[in-house]
Amino acid sequence: MNLKLATLSAAVVLGLSLTAPAVASQTLAQFHGEMGGCETCHAGEKLKDIKAGLTDSQTHENKMCVECHGGYEELKSTKPNTHIDPHSSHLGDINCTACHAAHDKPEMTCNRCHNFDFEMPFADAKQKKAWNGDWNQEKIQAAIAKGPQETVDVIVVGGGSAGLNAAMAAKMKGASVVLLEKNDYTGGNSMLAAGGYNASETRQQKEKGVPDTKELFVADAMKGGRNQNDIELVKVLAEHSAEGIEWLESLGANMEDLKFSGGQTEMRTHRPAGGYSVGPHIIDTLRKAAIKHDVDVRVNSRVEKIVLNDDQSIAGVVVHGRHTGYKMIAADAVILATGGYGMNKEMVAYYRPTMADMTSSNNITATGDGILLAKEIGASMTDIDWVQAHPTIGKDSRILISETVRGVGAIMVNIHGERFISEMTTRDRASDAVLKQPEQYAWLVFDQQLVEKKKMVEGFDHLGMLSKANTVAELAEITGMKNLAATVTEYNQFYKDGKDPKFGRSALPADIVKAPFYAVKVAPGIHHTMGGVAIDTDANVLNLQSWKMEGLYAAGEVTGGIHGYNRLGGNAVADTVVFGKIAGENAAKFALEKK
Ligand code: MEZ
């Protein structure tokens, strides 16, 4: 480390403020440049060296941030955030540059979904042109005409759970792999998954004496999907669900906890112990595994075209790198793992106009890119207009109040404090029921017992979403739910009796007795797009004649067919792992056999 960098590090260690720029509208780059020149952050002093060392992931630059300021784990232990820590709740260890843009206005990534009043260092720097939606056809064609600049066996498009699982599986089968993620960090929508992973006949279930079977898994998924699912895909999901858990455990995940989700006859939703959210945990595990196994993961890299050879076989993709521009990468196999389209307003308006104005719990990455890429080359779509509303998204927000909260004991009541449906029914039914209530919203009500079991609830409290009181009567007073006390008394009796004669709630895991008592306002919002690219049981994409498109695979929410008309909570995470792994293994086999 040079002297200036050492001084900078020392300042950080001593807790000196480095946040206030000396000059208004100074950028972080100027501030660092004054300390040690461009070399402070870049791989050289001269423009040509900087350019040569600059990757789309800004690998060198981020390494330099960590060298001076410390890495995620270090900063977490020395500067514990007493209030909200988005890294712990879902972001995990992401590139520093995702928020701290050096030559541009810094962007607090959290505010893409939230609304935090938090001033970033160098916040008054000038905003440059945003990097988004080019899809520049001339540049795409020029990249194809120039020919591939790199060749690998398998290209994975998208860095959520399906993509990371696919990349890991392909790599472990001996293929060379590159994973291309358009966002500035991996994780996709999976990073926000709060519920769990459905699997049957697992070690965890056997240890707890849960008499679940694969056949029951299939029956529940089909019933939940109103029998509109492709049963062959559902069977594969059930068959491989336990194996998927073991695979994640072999990569370092903890999936010890078990709970019920809506529409299940047996308890099969697996989660990390300690009440942590499943998505961030799986993503963290997979990110670490990808580093350990040397998988080439590139962020800020948006695939804008799948390129075919004259014989219609896969030639590769054109990727648009945020810093390096357009280029073609050749590969014999491509896996689409780009997620759904819940955040693409135009697509929702086109496919499901009645939901166009709904909020969405999805990450900003869920823009349906893979569906558009696949359609362009003749892939078939299944159930494309089936969009799932989740009944409990924080009212007027984009924050999902996980089904887990109901799964471990919350009740759902209307503005008068009256229950109106079994809290554990399927999402389509629960959402419809909420929309039929006065004011079209509901409250979830629970007590301190639940908060102690579910760490995620602390996050809702930090976000200011919870009403809180020392007695149920006081909670009723604050929220205006005049019949709440009577409802809670009645529900506690149902708990004691072990059955809910009013709405037939399948699981009554706790009563509502321990102060403080809480309520959170919820309303339905877009959560999952069940339709997408048609695949077969090998995760091979099908064309309009239902023939295999050789070399093209897809997994996760970009696909259709598995969930039918209504996905059960916990089946999406299972889908990303099971079909991600199948896609990765089959793509590797295909590419390696072609060599
Ligand atoms: O699978 C899901 O979408 C899920 C379990 C969501 C949730 O409510 O946590």
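Look up: the structure comes first, before these words.
Residues numbered from 1 in each chain as written. Predicted model: local features only at pLDDT ≥ 70, side-chain atom pairs only at ≥ 80, totals over all residues. Heavy atoms only, no water.

A. Expanded view of the overall build of the protein chain. Along its length, the protein chain carries 21 helices and 20 strands. For 595 residues, the compact-globule formula gives about 25 Å, and the C-alpha radius of gyration of the protein chain, at 25 Å, lands near that figure. C-alpha extents for the protein chain along the principal axes are approximately 75 × 60 × 45 Å. Split into buried and exposed, the 595 residues of the protein chain put 59% on the buried side. Of the roughly 25000 Å² of accessible surface on the protein chain, 53% is carried by carbon and sulfur atoms. For the protein chain, the distance from the average position of its 62 positive side-chain charges to the average position of its 73 negative side-chain charges is 1 Å. (Helix = DSSP H or I, 4+ residues; strand = E, 2+ residues; numbered from the N terminus. Rg over C-alpha atoms; globule rule 2.2 N^0.38 Å. Buried < 20%, exposed > 50% of the residue type's maximum accessible area, 1.4 Å probe, protein only. Areas by Shrake-Rupley, 256 points an atom, 1.4 Å probe, with all protein chains shown as cover. Lys, Arg positive; Asp, Glu negative; His and termini not counted. Charge placed at Lys NZ, Arg CZ, Asp CG, Glu CD.)

B. Main features of the pattern of salt bridges. Scanning the entire structure with this criterion turns up 34 salt bridges. Across the salt bridge formed by E107 and R112, the nearest N and O atoms sit 3.0 Å from each other. Taking relative accessible area as the criterion, E107 reaches 35% and is therefore assigned partly exposed. Measuring nitrogen to oxygen at the nearest pair gives 2.9 Å for the salt bridge that ties D220 to R268. One end of the pair, D220, is in helix α10 (residues 214-224); the other, R268, is in the loop between β5 (257-259) and β6 (269-271), with 48 residues separating them in the sequence. Exposure remark for D220: the relative accessible area of 6% places this residue in the buried category. Its relative accessible area of 2% is what places R268 among the buried residues. Among the ionic contacts, a cluster of salt bridges with common partners joins E107, R112, D184 and R322. (Salt bridge = Lys/Arg side-chain N within 4 Å of Asp/Glu carboxyl O.)

C. Fine view of the site of the ligand. Surveying the vicinity of the ligand reveals the residues A194, G195, H390, L400, S402, E403, R427, H527, R567, G569 and G570. Interatomic distance of 2.6 Å between a backbone N/O atom of E403 and an oxygen atom of the ligand. Burial of the ligand by the protein chains amounts to 95% of its free accessible area of 270 Å². Its residues placed into classes, the shell around the ligand shows two nonpolar, six polar and three charged. (Near = heavy atom within 4 Å. Polar contact = N/O pair within 3.5 Å; in protein donor to acceptor, adjacent residues only side chain to side chain. Nonpolar A, V, L, I, M, F, W, Y, C, P; charged D, E, K, R; others polar.)

D. Fine view of the nonpolar core. Formed by 96 residues in total, the largest nonpolar core has its most connected members in V154, I155, Y197, L248, L336, L552 and F579. If you look at the next biggest cluster of nonpolar residues, it comprises 25 residues, including M456, F460, M465 and V522. (Core = buried A, V, L, I, M, F, W, Y, C linked by side-chain atoms within 4.5 Å.)

E. Structural view of the packing of helix α11 (residues 231-250) against helix α21 (residues 571-594). Orientation of α11 relative to α21, taken along the N-to-C sense of each, is 85°, at an axis distance of 8 Å. Between α11 and α21, the crossing angle belongs to the class labelled roughly perpendicular. Contacts between α11 and α21 involve L233, V236, L237, H240, S241, E243, G244, W247 and L248 from the first element and N571, A574, D575, V577, V578, F579, K581 and I582 from the second. Looking at the contact of α11 with α21 residue by residue, the classes come out as ten nonpolar, four polar and three charged. (Axes fitted to C-alpha atoms, helices over the stretch in contact; angles between N-to-C directions. Parallel < 35°, antiparallel > 145°, perpendicular 65-115°, else oblique. Contact = heavy atoms within 4.5 Å.)

F. Highlighting the sheet that holds strand β8 (residues 301-308). Spatial strand order, β1-β10-β9-β8: four strands in an open sheet with mixed pairing. The open sheet terminates on both sides in strands that have one partner only, identified here as β1 (148-151) and β8. The average undirected angle you get between the axes of adjacent strands in this sheet is 30°. By the bridge criterion, three bridges tie β1 to strand β10 (residues 325-330) in an arrangement that is parallel. Opposite P148, over in β10, you have M328 as the bridge partner. In the packing of helix α7 (residues 137-146) onto the sheet, contacts are made with β1, β8, β9 (314-321) and β10, and the angle to β10 comes to roughly 45°. (Pairing = 2+ DSSP bridges.)

G. Seen up close, the packing of helix α8 (residues 161-172) against helix α12 (residues 278-292). Taken N-terminus to C-terminus, the directions of α8 and α12 make an angle of 30°; their axes are 10 Å apart at the nearest point. Our classification of the angle between α8 and α12 gives roughly parallel. As for the relative orientation of α8 and α12, their crossing is left-handed in sense. Side by side, α8 and α12 meet where S161, L164, N165 and M168 of the first sit next to I282, I283, L286, A289 and A290 of the second. In the contact of α8 with α12, the residues fall into seven nonpolar, two polar and no charged. (Left-handed = near helix turned anticlockwise from the far one by under 90°.)

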